[in-house]
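Fold and contact review
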Amino acid sequence: MSAHPVGVGIGLTTTARLRGPATERHATHTFARDASEIARARRLAAATLRSWGVRVDQSAIVLLTSELMTNAIRHGEGVVRMVLRATDGRVRIEVHDAGAGMPGLRVGQLTGDGLGGFGLHVVAALADAWGVEYGAGTTVWAEKAGDWPTRPDDEREPGPP
């Protein structure tokens with residue numbers, strides 16, 4: 001990750017390495033807990049996957065990113081970290097925050113802030129798989145089937161996406 005403070009530059013780590021017949025790629029982006037960061041996360045997710053040449057439903061990835069980031073920013077604590085992974089025919093989006101919340105499917109409702117409680121229902125409907133992991137904070141992830149063309153340059157040293 002970058003040594004830049006959150007919101008100043010991008011915390012980004014990108015690697016590409018061969019693992020058997022498949023290539024694994026991942027990128028990590030760090031965000032402040034601010035609603036304006038959701039749009040930036042959507043743009044970064046789409047741009048990263050395009051730069052990798054991943055063939056995946058971009059609209060679904062953008063919406064999954066939006067829902068996962070919204071939950072972390074709205075209900076989490078601390079900075080928010082998004083990890084994108086492409087490996088073995090799967091694209092995985094992980095969104096981590098330092099909170100101890102317990103995300104899950106809830107009954108949607110109208111609140112003083114508007115309509116809420118539908119985000120993970122959207123994730124469950126769009127994702128091929130999704131889940132929650134606990135540890136030093138909370139990570140909510142979603143996966144979609146995806147693939148990328150095999151290129152001779154996949155064996156080069158990793159560089160920026």
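Residues numbered from 1 in each chain as written. Predicted model: local features only at pLDDT ≥ 70, side-chain atom pairs only at ≥ 80, totals over all residues. Heavy atoms only, no water.

**Quick notes on the overall build of the chain**
Regarding its fold elements, the chain presents three helices and eight strands. For the chain, the succession of helices and strands along the chain, N to C, is β-β-α-α-β-β-β-β-α-β-β. Roughly 8,400 Å² of accessible area belongs to the chain as shown, and the carbon and sulfur atoms make up 55% of that amount. (Helix = DSSP H or I, 4+ residues; strand = E, 2+ residues; numbered from the N terminus. Areas by Shrake-Rupley, 256 points an atom, 1.4 Å probe, with all protein chains shown as cover.)

**Let's talk about the nonpolar core**
Residues Leu68, Met69, Met82, Ile93 and Val95 are the most contacted members of the largest nonpolar core, which totals 28 residues. Breaking this core down by element, the ones donating at least two residues are β2 (22-31), α1 (37-52), α2 (58-75), β3 (80-87), β4 (90-97), α3 (119-126) and β8 (137-145). Setting aside its immediate chain neighbours within four residues, Leu68 contacts Ile93, Val95, Leu120, Val123, Val140, Trp141 and Ala142. (Core = buried A, V, L, I, M, F, W, Y, C linked by side-chain atoms within 4.5 Å. Buried < 20%, exposed > 50% of the residue type's maximum accessible area, 1.4 Å probe, protein only. Contact = heavy atoms within 4.5 Å.)

**Describing the pattern of salt bridges**
A complete count under the given rule lists eight salt bridges for this structure. Residue Arg90 pairs with Asp128 through a salt bridge whose shortest N-O separation is 4.0 Å. With Arg90 in strand β4 and Asp128 in the loop between α3 and β7 (129-135), the pair connects residues that are 38 residues apart, well separated along the chain. The class of Arg90 is partly exposed, set by a relative accessible area of 27%. Here Arg90 and Glu143 are joined by a salt bridge, their closest N and O atoms 3.2 Å apart. Here Arg90, found in strand β4, pairs with Glu143, found in strand β8; they are 53 residues apart in sequence, far enough to count as distant. (Salt bridge = Lys/Arg side-chain N within 4 Å of Asp/Glu carboxyl O.)

**Here's the deal with the environment of Ala72**
Assignment of secondary structure puts Ala72 in helix α2. Assessed through its relative accessible area of 5%, Ala72 is described here as buried. Taking the C-alpha atoms as reference points, Ala72 and Ala98, separated by 26 residues in sequence, lie 9.2 Å from one another. Residue contacts for Ala72: discarding those within four places in its chain leaves Arg33, Val80, Val95 and Asp97.

**Side note on the packing of aromatic side chains**
Applying the stated rule across the entire model yields zero aromatic pairs. In this structure, Arg92 packs its charged tip against the face of Trp141, placed 4.0 Å from the ring centre. (Phe/Tyr/Trp six-rings, centres within 6.5 Å; stacked < 30°, edge-to-face > 60°. Lys NZ or Arg CZ within 6 Å of the ring centre and 35° of its normal.)

**Brief notes about the pairing of β4**
With seven of eight residues buried, β4 is to be regarded as a mostly interior element. Note that β3 and β4 share seven bridges and pair antiparallel. The residue of β4 that forms the bridge with Arg85 is Arg92. Count of turn residues in the β3/β4 antiparallel hairpin: two residues, of which Asp88 carries a positive phi of about 50 degrees. With eight bridges joining them, β4 and β8 adopt antiparallel strand pairing. What sits directly across from Glu94, in β8, is Trp141. (Pairing = 2+ DSSP bridges.)

**So, the side chain of Asp97**
Here Asp97 shows up in strand β4. Despite its burial, Asp97 pairs with no opposite charge; the closest candidate is Arg33, at 6.4 Å N-O. At 3.2 Å, the side chain of Asp97 and the backbone nitrogen of Glu77 are in polar contact. Once residues lying within four places of it in the same chain are set aside, the contact partners of Asp97 are Ala72, Gly76, Glu77, Val79, Ala136, Gly137 and Thr138. (Lys, Arg positive; Asp, Glu negative; His and termini not counted. Polar contact = N/O pair within 3.5 Å; in protein donor to acceptor, adjacent residues only side chain to side chain.)

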